[in-house]
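This is what each chain is made of:
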Amino acid sequence: IFLFVPAVEVKIEVVIPEKERSKEEMSPNGKASPLIYKVNGTARHYHLEEHPIASNPYHNPKDVVEASVCHVKDLENGQMREVDLGCGKALLIKESGEFHAVGHKCPHYGAPLVKGVLSKGRVRCPWHGACFNIGTGDIEDFPGLDSLPRFQVKIEKEKVYIRASKQALQTQRRTKMMAKCISLSNYNLSSTNVLIIGAGAAGLVCAETLRQEGFSDRIVMCTMDRHLPYDRPKLSKSMDSHPEQIALRPKEFFRTYDIEVLTEMQVAAVDIKNKTAVFKDGFKMEYNKLLIATGNTPKALSCKGKEVENVFNIRTPEDANRVVKLATSKNVVIVGASFLGMEVAAYLAERAHSVSLVELEEVPFKKFFGERVGRAVMKMFESNRVKFYMQTEVSELREQEGKLKEVVLKSGKVLRADVCVVGVGAVPATGFLKQSGINIDSKGFIVVNKMMQTNVPGVFAAGDAVTFPLALRNNKKVNVPHWQMAHMHGRIAALNMLAHGMEISTVPYLWTAMFGKSIRYAGHGEGFDDVVIQGDLDELKFVAFYTKSDEVVAVASMNYDPIVSKVAEVLAAGRTIRKRDRCGFFLFFRTGDMSWLTGKGS
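Calculation notes
- All residue numbers here refer to positions counted from 1 along the written sequence of the relevant chain.
- Given that the model is predicted, a residue must reach a pLDDT of at least 70 before its local features are reported, and side-chain atom pairs must reach 80 or more before they are shown or counted; all residues, however, enter totals for whole chains, interfaces and linings.
- Excluded from the side-chain calculation are hydrogens and water; included are all heavy atoms of the structure.
- What makes a salt bridge here is a side-chain nitrogen of Lys or Arg within 4 Å of a carboxyl oxygen of Asp or Glu, nothing more.
- Think of it in three bands: residues with accessible area under 20% of the maximum for their type are buried, residues over 50% are exposed, and the middle band is partly exposed, with areas taken using a 1.4 Å probe on protein chains only.
- Strand pairing is assigned whenever DSSP detects at least two bridges linking the two strands.
- For helices the rule is a DSSP run of H or I covering at least 4 residues; for strands it is a run of E covering at least 2, with both sets numbered from the N terminus onward.
- A fitted line through C-alpha atoms serves as each axis, taken over the contacting stretch for helices, and the angle formed by two N-to-C directions is quoted from 0 to 180°.
- Aromatic rings from Phe, Tyr and Trp, taking only the six-membered ring of Trp, are treated as a pair when their centres fall within 6.5 Å; an angle between ring planes under 30 degrees marks them as stacked, one over 60 as edge-to-face, and anything in between as tilted.
- Note on contacts: a residue pair qualifies if any of its non-hydrogen atoms lie within 4.5 Å across the two residues.
- For a helix, the expected span equals 1.5 Å multiplied by the number of residues minus one.
- Nonpolar core, defined: a set of buried Ala, Val, Leu, Ile, Met, Phe, Trp, Tyr and Cys residues in which side-chain atoms within 4.5 Å join the residues together.

How should I be thinking about the pattern of salt bridges in this particular structure?
Side chains that carry opposite charge are capable of pairing whenever their charged atoms lie near each other. Applying the stated criterion across every chain yields a total of 26 salt bridges. Arg 232 is the salt-bridge partner of Asp 225, the closest N and O atoms lying 3.6 Å from each other. The buried category is assigned to Asp 225, whose relative accessible area is 11%. Note on Arg 232: relative accessible area 29%, which makes it partly exposed. The salt bridge involving Glu 526 is made with Lys 476; its shortest N-O contact spans 3.8 Å.

Looking at this structure, how should I read the sheet that holds strand β25 (residues 394-400)?
Hydrogen bonding along the main chain pairs the strands of a sheet, whether they run parallel or antiparallel. With respect to topology, three strands assemble into an open sheet ordered β25-β26-β27, the strand pairing being antiparallel. Only two strands of the sheet have a single partner each, and these edge strands are β25 and β27 (414-416). Direction aside, neighbouring strands of the sheet carry axes that sit 30° apart on average. For β25 and strand β26 (residues 403-409), the ladder comprises six bridges, and the chain directions are antiparallel.

Whenever I open this one, the packing of aromatic side chains confuses me. Can you help?
Any two aromatic rings considered together are summarised by their centre-to-centre distance and by the angle between their planes. Scanning the entire structure with this criterion turns up 15 aromatic pairs. Seen in terms of ring centroids, Phe 369 and Tyr 521 are 5.9 Å apart; in terms of plane orientation they differ by 65°. Their pairing is edge-to-face. One end of the pair, Phe 369, is in helix α8 (residues 366-369); the other, Tyr 521, is in strand β35 (residues 517-523), and 152 residues separate them in sequence. The residues Phe 369 and Tyr 521 share a single accessibility class, namely buried.

When you look at the sheet that holds strand β16 (residues 267-271) in this model, what are you seeing that I'm missing?
Here we have three strands laid out as an open sheet, ordered β16-β17-β18, and antiparallel in their pairing. Two strands close off the open sheet at either side, each with one partner strand: β16 and β18 (284-286). Here the strands of the sheet are splayed against their neighbours by 20° on average, with no regard to which way each runs. Strand direction decides the pairing type here: β16 and strand β17 (residues 276-279), joined by four bridges, are antiparallel. Bridging from a neighbouring strand, Asp 271 pairs with Thr 276 of β17.

I tried to follow the side chain of His 100 on my own but got confused; where do I start?
Position of His 100 among the secondary structure elements: in strand β6 (residues 98-102). A relative accessible area of 18% places His 100 in the buried class. If sequence neighbours within four positions are ignored, His 100 has contacts with Leu 91, Leu 92, Ile 93, Ile 134, Gly 135 and Val 153.

Before we go on, may I ask you to explain helix α9 (residues 371-382) in this structure?
Because an α-helix completes one turn every 3.6 residues, residues spaced three or four positions apart along the sequence face the same direction. The end-to-end C-alpha distance of α9, which contains 12 residues, comes to 16 Å, matching closely the 16 Å that a straight helix rising 1.5 Å per residue would cover. Taken together, the buried positions of α9 are Val 373, Gly 374, Ala 376, Val 377, Met 378, Met 380 and Phe 381.

Help me out: how do you make sense of helix α10 (residues 483-497) in this one?
When the terminal C-alpha atoms of α10 are compared, their 22 Å separation across 15 residues agrees well with the 21 Å that a helix rising 1.5 Å per residue should span. α10 sits mainly inside the fold: 15 of its 15 residues count as buried. Positive phi shows up at Ala 499, right after α10, with a value of about 65°.

Hey, could you run me through the pairing of β6 in this one?
Along any regular strand the residues' side chains alternate between the sheet's two faces. Most of β6 is tucked away, with four of its five residues classed as buried. In sequence, strand β5 (residues 89-95) turns back onto β6 through a hairpin of two residues, with Ser 96 there showing a positive phi of about 55°. The sheet contact formed by β6 and strand β11 (residues 150-156) spans two bridges and is antiparallel. Opposite Val 102, over in β11, you have Arg 150 as the bridge partner.

What exactly am I supposed to notice about the nonpolar core here?
Among soluble globular proteins, nonpolar side chains are generally buried collectively. Leu 195, Leu 210, Leu 291, Ile 292 and Phe 468 are the most contacted members of the largest nonpolar core, which totals 97 residues. For this core, the leading source of residues is α10, giving eight residues. Apart from residues lying up to four places away in sequence, Leu 210 is in contact with Val 194, Phe 215, Ile 219, Ala 494, Met 497 and Leu 498.

Is there a simple way to think about unusual backbone geometry in this case?
Of note, the amide linkage connecting Phe 142 to Pro 143 takes the cis form, showing an omega dihedral of 20°. Locating Pro 143 in the fold gives a position in the loop between β10 (139-141) and β11. The phi dihedral of Lys 120 is positive, around 50°, even though this residue is not glycine. Topologically, Lys 120 is positioned in the loop between β7 (117-119) and β8 (122-124). Positive phi, close to 60°, is recorded for Phe 365, a residue that is not glycine. Its location among the elements puts Phe 365 in the loop between β23 (354-359) and α8.

Spatial relationships are all this shows, so hold off on functional conclusions.
This is how it looks when you write it as C-alpha cells:
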C-alpha cells in the first residue's frame, strides 16, 4: 500500500491571479469569505498563503532566450506558425490582431499543435482533441494533465520577438500551480475531507483540480490496483509497457501535493447516512465529499473450460506484459472485436505465430463505425495476417496439463491456442453500491446530473461507471466510456465539490491505434441512421460523417487530420452540421478548406 501521509506541517505556496481572487466562489480558501470544512466534527478555516506575482517570471537570466521570429505581417489573423528560438520551438499564434506564444507540442503524446485547430482563443490538438487556452496555455479539454508553457511576446519595429525559458522550450509542458495540505499532523487516519474511490483518469484529475483551485484539506484516493494512476489506454496499444513507463504522475508528485493514495484497497460498501466507506478488510473511512470513479469490470467468458490457465482479461500492466510474453511465436485467440480486442490483435500480429479473432457480429466495429468502415478495417487486419471467425462464439476452452490448448467455436471450428485474450465488453464496477441508496440504473450505471452529482448530497461519480446528460444530444442520458471524457468528469466533479455550479458540455473524443494507423472520432453516434463517407476506404484515407435524420452527430477519420478536431470545435460551439451540406464535404476533399464547417448547414 502506498500511503503518503507526511507527519509534518506543510504550508501552501500558490499564486492566485487577481481575477480569481475576486471570485469568492472559485476557491474553498477565498480571502474574503473562506469556506469552512468539518473534519471529525471540528470546524476549521483555511486560507491560502498569498505570494505576489513576480513581474519577471524568469528567475534565472541564463535560462532565458529571446529571438526575433517573424515580421508582424507574416501572420494573418487565425494563423499559427511553429518558430525556432535556437534552443527549442514555440507555437506563435495571431488572433484578433494579437500575438500569443505557447508550447508547440501537445503535452499528452507530443502532437504538433501547428497542425491542430485554432478557434476562439484556444487551440485543439489534431490527434486526440485536447484544448489549450492560447493566452494562458492552460488545458481546457482533455486528454492529458499538463498545460502548455506560455512565452512573452513583444513587438519592436514591426518584428515579433519571443522571450522564453530554455527549460520550458525543452519540456513543452507546464503543471498548473497547486495548493498543498495545510497540516496533516492533526488528522485521524480514518477520516478525510475528500475520498476518491478509483485512481484512474477521473479520480486523478479530480484530486489535481481540487489542489489547483486552492483546496488545502485532506484528499485520499483508494484503488484496487497495485499501482499509482497510469495511462490505461496503453495496456492494449503498447502492451509491453511497464507500470513506471505509463505512470500518469511520479510518486514524488503525490508527496509534493499531499494526495494520499491507498493501493490494493477495495471498498465493499458506502454508508451514506454516516458518510463512511467500508473497505473489504473492515477498515472504515469517514468523508465529507465522495467521488466514485471505479470504472468497469471486464466480462468473462461463460463457456466450458473458462478457468483454464492462460486466458486473460487485460486489466493491469501485468496482464498485458504476461500476454506479450506468452504470445511471442505462439498461437493467440482473441474473443471479441471490441476496441481492446482489435488493438491487442494488431499489437500481437507481428509477434505471435498466429492471431485469430472470434466475433459474434459479421463486421468489426459495425455498431460504432458502420459496416463500410468496419469492412475496411477488417481488410487491413487480414492483410496483416489476422484471421477472423465471424458470427460465431466460443463454446469450449480445452486444456492440456491445465494450460490452454484449443478454442472450440460453436460453428464447430477448433482453433489452436496457447493464449486467449477476452475482449467482449465490460460492466460498471458498482456492485458494492446496490444497498447504498445511491441511484443506479438497470444496467448498473450510476446516474448523475450535469454537475456529476448523484442523488445523494456530497456524493459525486465520474468515468466509465456513470450515465450523464450529454449536451450534444439534447441532454440525453448516456454512458461514454472514453479516456478523454473521464478526465472531464473528474474536473467537473471537483469544481462542483467546491460549489462552482459548473456543468459538463464537452464533446466526446476518442481514438484507436492499429498497425501504425489511427482512427479519430468525435461526437456521439449512437443510433446513427446513415454514414456519409468521403475519401478512399481502400486506401484508408477517409472521413465518415454519422448522421441521424438530417444532423451530423459524430465524425470519424483516418489520415485526414485535423478534420475530426475541426468538427469537434464546431459541435463544442453548439452548432449543427447538416447532412445535406454535401457541397461542403466536396469542397473539403477538393481543396482542404474547412471554412464551410460553420455548423449553419445549407
